[in-house]
Amino acid sequence: MSGSLSAGTGGTGGTGGTGGTGGTGGTGGTGGTGGTGGTGGFGAFSSFGTPIGVSPVLKGANGVFRGARWPPSDLDYGATPPRYDAAAFPEGAWDPGLAAIAFIGEFVQQTVTGTNGQPMAWHNIPLTAWDPAKIDDELRELETLIDYRPAIIDEAAAQAGDVVPYFQNMLMFGRATHPMTFQLARVGVSVGEFTMQCYKMRYSRPRPSQLHPGLMPPFAVPGHASFPSGHATQSALVAGLLAQVLPPAVTRVNPPKPGMTPPAEPASLLDRMAERLARNREVVGLHYASDSRAGRELAAGILRILAVCPATQALIVAARAEWQNRAPLAPFGALRAPAP
């Protein structure tokens, strides 16, 4: 995960933390996104692997220690080397971020009926376009939000690279404790990223700071277009998938306190976290409010399509079992070809 603007807050990123003496280090930390996306801090294997050199044998001859390679050169395996007949690559050894990419192949093949009654696939999910007549109003709102940046700057920096940790911390799940739940969240991130980048390319909306340089975002402006918001898409998608799995503590919709203005739509803690992640991107001047709205719409369409994907539904069943003290199923089977 990317580091915050203070030194070392980014945790596992490592490189970002080293540079983190003051504001400059935080910017460096943004680069450390990829590792968190794959393992979420629960990686089982080092990226460096297990290097094998020439190791001296324990007993030397005439004061000289012979170098032994691996497998040991003094063992005779005969005509057939030792072999373990593994049935398949173990599911638990898959990098969750890489495994999530495989789910995209199934996702893009599905067609469902949209809310407008028309056939809907991943490439034609209807989005509410921004109103050109209201762009000045949107920019003025972003200008007003600048005053709130000091209060959320560390939070927004931590969320810049990966949205999943903020959902993980609600009920403390991860790759080690709830592997199928963690995999489901990573599917939401990967499917969301694939889809929203295609829509961003299609609409090619300029970033707010291109139109209003005075917004001066505190982070580097991402190298892709503004509409729809990727953070809004991914966070709403992760929230929607986890809502089908996690306990009522975070999925139930609680009424607002007396005297408080109710949200536009009934919202759970998962929904509120998704809204917060998206809103923080507006506060730092990287997205318009209409980008966030479109991201939520895109996520809603994606969820309708994922609902008919057998592999995703098997993963949801397996993840749900982790919270119900039942043995999880093996969800990757729907993506595999029959054994030869």
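Note that the structure is predicted; figures quoted are calculated from it, not measured.

J.: Is there a simple way to think about unusual backbone geometry in this case?
T.: In most cases, non-glycine residues show a negative phi, while peptide bonds are predominantly trans. Of note, the amide linkage connecting Phe227 to Pro228 takes the cis form, showing an omega dihedral of -5 degrees. Here Pro228 shows up in the loop between helix H9 (208-211) and helix H10 (230-242). Phi angles above zero are rare outside glycine, and Met172 is one such case at about 50 degrees. As for its position among the elements, Met172 is in the loop between helix H7 (164-171) and helix H8 (179-203). Residue Met172 is classed as exposed on the basis of its relative accessible area of 69%.

J.: So what exactly am I meant to see when it comes to helix H14 (residues 310-323) here?
T.: For an α-helix, 3.6 residues make a turn, and residues three or four places apart therefore share a direction. With 14 residues, H14 should reach 20 Å at 1.5 Å per residue; the first-to-last C-alpha distance of 21 Å fits that figure. Among the residues making up H14, those that are buried are Ala311, Thr312, Leu315, Ile316, Ala318, Ala319, Ala321 and Glu322. Buried positions along H14 lie against helix H4 (96-107), H8, H10 and helix H13 (289-306). Trailing H14 by a residue or two, Asn325 shows a phi angle of about 55 degrees, which is positive.

J.: Looking at this model, I keep getting lost on the packing of H7 against helix H12 (residues 269-283). Mind explaining?
T.: If you want to describe how two helices pack, look at the angle between their axes and the distance between the axes. Look at H7 against H12: their axes get within 10 Å of each other, and the N-to-C directions meet at 150 degrees. Compared by their axis directions, H7 and H12 come out roughly antiparallel. By crossing handedness, the relation of H7 to H12 is classed as right-handed. Where H7 abuts H12, its residues Tyr166, Phe167 and Met170 lie against Leu269, Leu270, Met273, Ala274 and Leu277.

Conventions adopted
- Residues numbered from 1 in each chain as written.
- Predicted model: local features only at pLDDT ≥ 70, side-chain atom pairs only at ≥ 80, totals over all residues.
- Heavy atoms only, no water.
- Helix = DSSP H or I, 4+ residues; strand = E, 2+ residues; numbered from the N terminus.
- Buried < 20%, exposed > 50% of the residue type's maximum accessible area, 1.4 Å probe, protein only.
- Expected span 1.5 Å × (residues − 1).
- Contact = heavy atoms within 4.5 Å.
- Axes fitted to C-alpha atoms, helices over the stretch in contact; angles between N-to-C directions.
- Parallel < 35°, antiparallel > 145°, perpendicular 65-115°, else oblique.
- Left-handed = near helix turned anticlockwise from the far one by under 90°.

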